[in-house]
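Given next are the chains, with one letter for each unit.
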Amino acid sequence: MVREVVVYPDKRLKLISSEVVSFDEKLHTLLDDMYDTMREKNGVGLAAIQVGVDIRALIINIPVEDAEEGVDQPKENTLEMINPVIIEADGNEKFQEGCLSIPGVYEDVERAKHVKVNYFDRDGHAHTVEDEDFLAIAIQHEMDHLEGKVFIEKLSYMKRKKFEKEWKKRTK
Ligand code: CO
């Protein structure tokens, strides 16, 4: 089921999400709904707080080329990360990012190029993922949401001011 996406500057986006303790049906439904919502809005990732639930859960699904479907994001490719923790981060990379909570805005953001992350899946099993490509960037973007941060906070002072001005005009 598609849920409503929380849009900037909604105060909920500032919440620090809490650890997941029960890997139950409610969590599974939330993750399924997050996938439906991400697909509906053409995103590549979504944190739980973006549908108004302040728990440390996020999903990422990087589109793949499919011979029949064209660019596709099959559900089985969804990386579901519960209580993720970055255990290694190095290098530097500038990448153009967007966010379903700030629709239509794309800006270059600097992040670590390589990350190694511990996390749990929906059944509470522990995993580790390592990447130095787009997935690494997506993980860092979504994990920021768990700390109540959005990507425009990483812009320079001038760029941020320009964004706020244009955003106010657009959302009036
Ligand atoms: Co985002």
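As recorded in an unreviewed UniProt entry, the chain goes by Peptide deformylase and comes from uncultured Sulfurovum sp. The Function (unreviewed entry) comment attached to the chain in UniProt states, word for word, "Removes the formyl group from the N-terminal Met of newly synthesized proteins. Requires at least a dipeptide for an efficient rate of reaction. N-terminal L-methionine is a prerequisite for activity but the enzyme has broad specificity at other positions." Under Catalytic activity (unreviewed entry), UniProt gives the following word-for-word description of the chain: "N-terminal N-formyl-L-methionyl-[peptide] + H2O = N-terminal L-methionyl-[peptide] + formate".

Trainee: What is the right way to read the nonpolar core from this model?
Mentor: Considering soluble globular proteins, one finds that nonpolar side chains tend to be buried as a cluster. Residues Leu58, Ile60, Met81, Val117, Val129, Leu135 and Ile139 are the most contacted members of the largest nonpolar core, which totals 17 residues. Top contributing element to this core by residue count: helix H2 (residues 134-146), with 6 residues. Beyond its immediate sequence surroundings of up to four residues, Val117 is in contact with Met81, Pro84, Val85, Ile86, Ile87, His127, Thr128, Val129, Ile139 and Met143. Among the nonpolar cores identified, the runner-up in size contains 15 residues, and Leu27, Leu31, Met34 and Val51 belong to it.

Trainee: Help me understand the side chain of Asp121, please; the structure alone is not making it clear to me.
Mentor: Mapped onto the secondary structure, Asp121 falls in the loop between strand E8 (114-120) and strand E9 (126-131). Lacking a salt bridge, the buried Asp121 has Arg122 as its closest oppositely charged neighbour, with an N-O distance of 7.5 Å. Side chain to side chain, Asp121 and His127 meet in a polar contact 2.7 Å long. When residues no more than four places from it in sequence are discounted, the contact partners of Asp121 are Phe23, Glu80, Ile82 and His127.

Trainee: Would you mind going over a positive patch on the surface with me for this structure?
Mentor: Taken together, the side chains of Lys161, Lys165, Lys169 and Lys172 make up a positively charged region of the molecular surface. Topologically, Lys165 is positioned in helix H3 (residues 157-171). By relative accessible area, Lys165 is classed as exposed at 61%.

Trainee: When you look at the UniProt feature "active site" (unreviewed entry) in the chain in this model, what are you seeing that I'm missing?
Mentor: UniProt tags Glu142 as "active site" (unreviewed entry). You can see Glu142 is positioned in helix H2. What Glu142 contacts, discounting residues up to four positions off in sequence, is Gly45, Leu46, Ala47, Gln50, Leu58, Ile59 and Ile60.

Trainee: Whenever I open this one, the pairing of E8 confuses me. Can you help?
Mentor: Looking along a regular strand, one sees the side chains alternate between the two faces of the sheet. Bridge count for strand E5 (residues 79-90) against E8 is 6 bridges, and the pairing is antiparallel. The residue of E8 that forms the bridge with Val85 is Asn118. As judged from the 6 bridges shared by E8 and E9, these two strands associate in the antiparallel manner. Residue pairing for E9: Val115 is matched across the bridge by Asp131. In this structure, the hairpin formed by E8 and E9 is closed by a connection of 5 residues, where Gly124 is found at a positive phi of approximately 90 degrees.

About the thresholds
Residues numbered from 1 in each chain as written. Predicted model: local features only at pLDDT ≥ 70, side-chain atom pairs only at ≥ 80, totals over all residues. Heavy atoms only, no water. UniProt positions renumbered as here; feature names shortened; annotations may be inferred. Core = buried A, V, L, I, M, F, W, Y, C linked by side-chain atoms within 4.5 Å. Buried < 20%, exposed > 50% of the residue type's maximum accessible area, 1.4 Å probe, protein only. Helix = DSSP H or I, 4+ residues; strand = E, 2+ residues; numbered from the N terminus. Contact = heavy atoms within 4.5 Å. Lys, Arg positive; Asp, Glu negative; His and termini not counted. Salt bridge = Lys/Arg side-chain N within 4 Å of Asp/Glu carboxyl O. Polar contact = N/O pair within 3.5 Å; in protein donor to acceptor, adjacent residues only side chain to side chain. Patch = residues over 30% accessible without salt bridge, like charges linked within 9 Å, V, L, I, M, F, W, Y side chains within 5 Å. Areas by Shrake-Rupley, 256 points an atom, 1.4 Å probe, with all protein chains shown as cover. Charge placed at Lys NZ, Arg CZ, Asp CG, Glu CD. Pairing = 2+ DSSP bridges.

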